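A look at the structure
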Amino acid sequence: MDVITRGGVITDPGNSVENKTGSWRVFKPVINYEMCIRCMICWQFCPEPAILKHEDEEIKKSTPAPKDALKRLPVVEIDYDYCKGCGICANECPVKAIDFVMEER
Amino acid sequence: MTRVMLRGNESIAYAFKLARVKVVPAYPITPSTLVPEKISEFIANGEMDAEFVPVESEHSAISAAVGASAKGVRVGTATASQGLALMHEVLFIASGMRLPIVMGIGNRALSAPINIWCDHQDMMSARDAGWLQFYAESNQEGLDLGIMAFKIAEDERVLLPVMVGLDAFVLTHTVEPVEMPEQGDVDEFLGEFKPKYVTLDPKKPATLGAFAFPEHYMEFKFGQWVAMERSKKVIDEVFEEFERKFGRRYRKVTPEFMDDAEIAIVTMGSMSGTAREFVKRMRSQGKKVGLVKITTFRPFPKEELLEVLRGVKVVAVMERNISFGFGGAVYGELGATFNNLAEKPKILDFIVGLGGRDITFKTFQSVYEIAEKALSEDVDEVNWIDVNKEAVYKAEGLL
Amino acid sequence: MNYENEEFFAPGHGMCAGCAAPIIVKWVLKLAGPNTIVVNATGCLEVATTPYPRTAWRVPWLHVAFENAAAAASGVEAAAKAMGEKVNIIAFGGDGGTADIGFQALSGMVERGHNVLYVLYDNEAYMNTGIQRSGATPWGAWTTTSKVGKANPIGKMRPKKPIARIIAAHNAAYVATANPAIFNDFKKKVQKALNTEGARFLHVLSSCTTGWRHDPSKTVEIMRLATDTGLFPLYEIENGDIENMRITYKPKQFKPVEEYLKMQGRFRHLLKNPEYVKKLQDDIDAWWAKYGHHYQK
């Protein structure tokens, strides 16, 4: 896209990804995969969205889980490039599998 | 081409129909109500394939026009006076977004007191909104300018919205003979509508109407400036092409009886007809007076005015608007046009015909007398004509 | 097609951490899919998602002004119709742009029956300009224009405008209140709205961490309490049939309103006087006594 477009149109949809809003973070959510039941509630409520959902079989199997049966479900991963550290995911996690810790930079 | 009898509002409605406008959002307001009525009739009769959006206000009319134009169709609407004032905010958005909307205006006075008759205050109050502004002298001009407005607005070098003004009642409600162009000729003239701007298309998602910081805002405004400057040439080209195709000549500024004129009377809109007859009479009496009719007020035709007014001693600007605390808009701009020239005429402002007061030979006679006097002595720069000044002075406690 | 795993609302936008509006937007778009055009009223969502030259939107998006999203959407819809294009047209507006300054345009759009889904994200005040009261601000809320002090210990003294019922009274094809914290109900209503023809209106509660004065992590929890206390009931109304409004969700056990109030700074002053808390509780109880029978499992 040129610096100036006619009428101020933006023709590069979703180019906000160039803003790495992860720099806003004061607290940082950390998923404890040993406890994560892969319910997707954090993914559902993340306002950025900065929680990725992996459907890849290899990732599903190789990621730790509290029960083997859960390994057929998708895996969530926090995208720290964009996570602003609101903590909704940690607050909503039904099994408290997300720690909310001070960001260290 | 057939000759028909049309009211001014119908000129605009027929221009939209002939231009194959696809969306007409409009809200009725005197004196332009007949435009949406006529569009509704065309659609009901199956003569026009368009969506009429009977909005609940003028603000929504122009907002819907912006939405429809952004989606990528040809859009026309019409309003007047208070309606145009209610649209004011969105006028700037339409031009800022570079959407080639065409709007017919039944030029009418603004409240208070409420008044439904003609003056140019409504469009003049919108002069800085970034729209091209044309003023028609007759219903034929209304129709022709209405058609040409689309071609100019949609030109890739321009992409700006256009207003076409027709004087309230004098044109909007008056039946005049009009040469109606053939649909096929208009189709050829305008070509199929293919938006030359970014539209709302799910196959090519784009963001229209984004937020701009100081870092970018001014460049967008400069873009509008550049487009308005470029429109000057486009207008000339379109006027020429129109003349070749339809035989009627348009100019941004039309001089008449100007060859040896010492006094020039400058007009816009329907008063030009009366002015012409007056000038003819004065010429028959040996007076060196000419007429300069402005058709395109935005972009302001500086170059053309400098050309036609060269050597003139007194310019009398007939003005159906007033900027309180200064004078009329045309006077102000004409003055600025000569600003940096060593030789300039005396430029006088005549506030006439506000709120539908008739502009008659007597009006022009009064104007002429002051202009003639100005050839040899100083006179007031801003002159209110045909006004009961004494009654006003009394009301204001001055007498 | 199911687009739930796709994101049409990109990260990198500038909405506050913990803002509920993006949760609503991302789900409406996931459920609508790519064949969608969004019209956005001026407000936080518009400003924070499109700072030129960046945009968070991966679907076509139009912003015109504050009070005219419904009118602009009407124009988009008319043009789409003229072009013979079938496309979801979705308008997003906050409570100011919808229930107050944009009310007339919305009323017109719904009365004319445009095939548009209008989504109100209701954060209960003018948050973009810095927490001024709106017609949707509830009784007793502090805002910067309903301040609390010696002469006014309450804050906003008038109740919340029942915008969903007002719009339903226009014979809108589909109207519902929804709350993303009550997720299944919310999702079902978005889907139903998307699958209905005509003018549709979703009134969605949307917490604002700065205006409601709460920790960003509590957004969903507080919104859940809004419904679980009975304060923000979830219902739907089809074709203007207000008499047959359906309440779609009823908490198993209503929580006392105090639990909702005490989590938000905007209500802190109310807790000093048990009478104010009681008034709010009584209002809730009265609403459910009057309408509770509209609940359908």
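Starting from 1, residues in each chain are numbered consecutively following that chain's sequence as written. Starting at A for chains and at 1 for ligands, labels are handed out in the order in which the entities are written. Where totals are concerned, whole chains, interfaces and linings use all residues; where local detail is concerned, this predicted model gives features only for residues with pLDDT of at least 70, and gives and counts side-chain atom pairs only at 80 or more. Values reported for side chains reflect all heavy atoms of the structure, with hydrogen atoms and water molecules removed beforehand.

Overview of the layout of surface pockets
Residue and element names in this part refer to chain C.
- With a 1 Å grid spanning the protein atoms alone, the term cavity applies to any set of points in which a 1.4 Å probe fits but cannot get out, the term pocket to an open set with protein on both sides within 12 Å along at least five of seven lines, and the term lining residue to any residue with an atom within 4 Å of a point. Grid points are joined across faces, edges and corners, and a volume is the space filled by probe spheres set on the points. The volume enclosed by the largest pocket comes to roughly 790 Å³.
- Around the largest pocket, the lining comprises 32 residues; the ones closest to its centre are P159, K160, L231, P233 and W287.
- Ranked by residue count, the leading element in the lining of the largest pocket is helix α11 (residues 274–291), at eight residues.
- Polar here means any residue outside two lists: the nonpolar Ala, Val, Leu, Ile, Met, Phe, Trp, Tyr, Cys and Pro, and the charged Asp, Glu, Lys and Arg; Gly therefore counts as polar. For the lining of the largest pocket, the residue count by class is 20 nonpolar, three polar and nine charged. Strands here mean DSSP runs of E at least two residues long; helices mean DSSP runs of H or I at least four residues long; both are numbered from the N terminus.

Comments concerning the environment of C:I163
Residues and elements named next belong to chain C.
- With respect to the helices, strands and loops of the structure, I163 is situated in helix α6 (residues 163–168).
- Residue I163 is classed as buried on the basis of its relative accessible area of 2%.
- In sequence terms I163 and K150 are 13 residues apart; their C-alpha atoms lie 31 Å from each other.
- It only takes one pair of heavy atoms within 4.5 Å for two residues to be counted as in contact. Those residues in contact with I163 that lie beyond four places of it in its chain are A99, F103, L120, F201 and H203. Accessible area is worked out with a 1.4 Å probe on protein chains only. A residue is then buried under 20% of its type maximum, exposed over 50%, and partly exposed in between.

Some thoughts on the packing of helix α9 (residues 271–284) of chain B against helix α12 (residues 361–374) of chain B
All names here are of chain B.
- In this analysis an axis means a line fitted to C-alpha atoms, helices contributing only their contacting stretch, and an angle means the value between N-to-C directions, from 0 to 180 degrees. The geometry of α9 relative to α12 is characterised by a closest axis approach of 10 Å and an angle of 60° between their N-to-C directions. On the basis of their axis angle, the class for α9 and α12 is oblique. Between α9 and α12 the crossing geometry is right-handed. Facing α9, whose interface residues are M271, T274, A275, E277, F278, R281 and M282, α12 presents F361, F364, Q365 and Y368. With respect to orientation, any angle under 35 degrees is reported as roughly parallel, any angle over 145 as roughly antiparallel, any angle of 65 to 115 as roughly perpendicular, and every other angle as oblique. In this scheme the handedness of a crossing depends on how the near helix is turned from the far one: anticlockwise by less than a right angle means left-handed, clockwise means right-handed.

Comments concerning helix α3 (residues 69–82) of chain C
Residues and elements named next belong to chain C.
- Between the first and last residue of a helix there are one fewer steps than residues, each counted as 1.5 Å, and that sum is the expected span. Taking 1.5 Å as the rise per residue, α3 with 14 residues should run 20 Å; its terminal C-alpha atoms sit 20 Å apart, in good agreement.
- Of the positions making up α3, those classed as buried are A69, A70, A71, A72, A73, S74, G75, V76, E77, A78, A79 and A80.
- Count one or two residues on from α3 and you reach G84, which has phi positive near 70°.

Points about the sheet that holds strand β6 (residues 132–135) of chain B
All names here are of chain B.
- Strand order in this open sheet of five strands is β4-β5-β7-β6-β13, and the pairing throughout is mixed. The two strands at the open ends of the sheet, each matched to only one other strand, are β4 (76–79) and β13 (296–298). When the angles between neighbouring strand axes are averaged without regard to direction, this sheet yields 25°.
- A strand pair is defined by DSSP finding two or more bridges across the two strands. Bridging between β4 and strand β5 (residues 102–107) involves four bridges; their strand directions are parallel. Bridge pairing in β5 places T79 opposite I105.
- Helix α8 (residues 214–246) rests against β6 and β13 of the sheet, and its axis sits at about 40° to β6.

Topic: the environment of B:P54
- Of note, B:P54 is situated in the loop between β3 (51–53) and α3 (58–71).
- Considered as a pair, B:P54 and B:V24 are 30 residues apart in the sequence and their alpha carbons are 8.4 Å apart.
- Apart from residues lying up to four places away in sequence, B:P54 is in contact with B:A26 and C:R112.

Structural notes on the pattern of salt bridges
Residues and elements named next belong to chain B.
- Each salt bridge in this description consists of a side-chain nitrogen of Lys or Arg and a carboxyl oxygen of Asp or Glu lying within 4 Å of one another. In the structure shown here, the tally under the stated rule is 56 salt bridges over all chains.
- A salt bridge links E229 to K232; the nearest nitrogen and oxygen atoms lie 3.3 Å apart. With E229 and K232 both in helix α8, this residue pair falls three residues apart, about one helical turn.
- The exposure class assigned to E229 is partly exposed, which follows from its relative accessible area of 33%.
- For K232, a relative accessible area of 13% corresponds to the buried category.
- It is possible to trace a salt-bridge network through shared partners that takes in E137, E141, E256, R276 and K293.

Describing the domain arrangement of chain B
Residues and elements named next belong to chain B.
- Segment limits for the domains were obtained from an automatic or database-derived domain assignment. Considered domain by domain, chain B is made up of domain 1 (2–246) and domain 2 (253–395).
- Using only C-alpha atoms to locate each centre, domain 1 and domain 2 end up separated by 28 Å.
- Across the boundary between the two partners, domain 1 contributes 28 residues, which contact 27 residues of domain 2.
- Here the quantity called buried area is the total loss of accessible area, with a 1.4 Å probe, experienced by two parts when brought into contact, counted for both. Both sides together, the interface formed by domain 1 and domain 2 hides about 2100 Å², and carbon and sulfur atoms give 55% of it.
- Area buried by domain 1 at its contact with domain 2 is led by M124, R127 and E137, which between them contribute 28% of it.
- In this structure, the connection of domain 1 to domain 2 is made through six salt bridges.
- In this structure, the salt-bridge partner of E141 is K293, at a minimum N-O distance of 2.5 Å.
- Those elements that provide at least two residues to the side of domain 1 that touches domain 2 are α5 (121–124), β6, α6 (139–154) and α8.
- Examining the composition of the side of domain 1 that touches domain 2, we find that six residues originate from one element, α8, more than from any other.
- A class-by-class count of the residues in the side of domain 1 that touches domain 2 yields 15 nonpolar, five polar and eight charged.

Considering the sheet that holds strand β12 (residues 289–294) of chain B
All names here are of chain B.
- Taken in spatial order, the six strands make up an open sheet running β10-β12-β11-β14-β15-β16, and their pairing is mixed. In this open sheet, the two edge strands, each paired with only one partner strand, are β10 (253–256) and β16 (382–384). Put simply, the sheet's adjacent strands are angled 20° from each other on average, direction ignored.
- Where β10 lies against β12, four bridges are found, and the strand directions are antiparallel.

Here's the deal with the nonpolar core
- Side-chain atoms within 4.5 Å are what join buried Ala, Val, Leu, Ile, Met, Phe, Trp, Tyr and Cys residues into a set we call a nonpolar core. Among the nonpolar cores identified, the biggest contains 187 residues, and B:L91, B:L309, B:L334 and C:W57 are the most heavily contacted of them.
- Two domains share this core, each providing at least three of its residues, namely domain 1 (2–246) and domain 2 (253–395) of chain B.
- Setting aside its immediate chain neighbours within four residues, B:L91 contacts B:I62, B:L84, B:M103, B:A126, B:A129, B:W131 and B:M163.
- Listed in part, the 49 residues of the second largest apolar core include B:L145, B:F189, B:L190 and B:M228.

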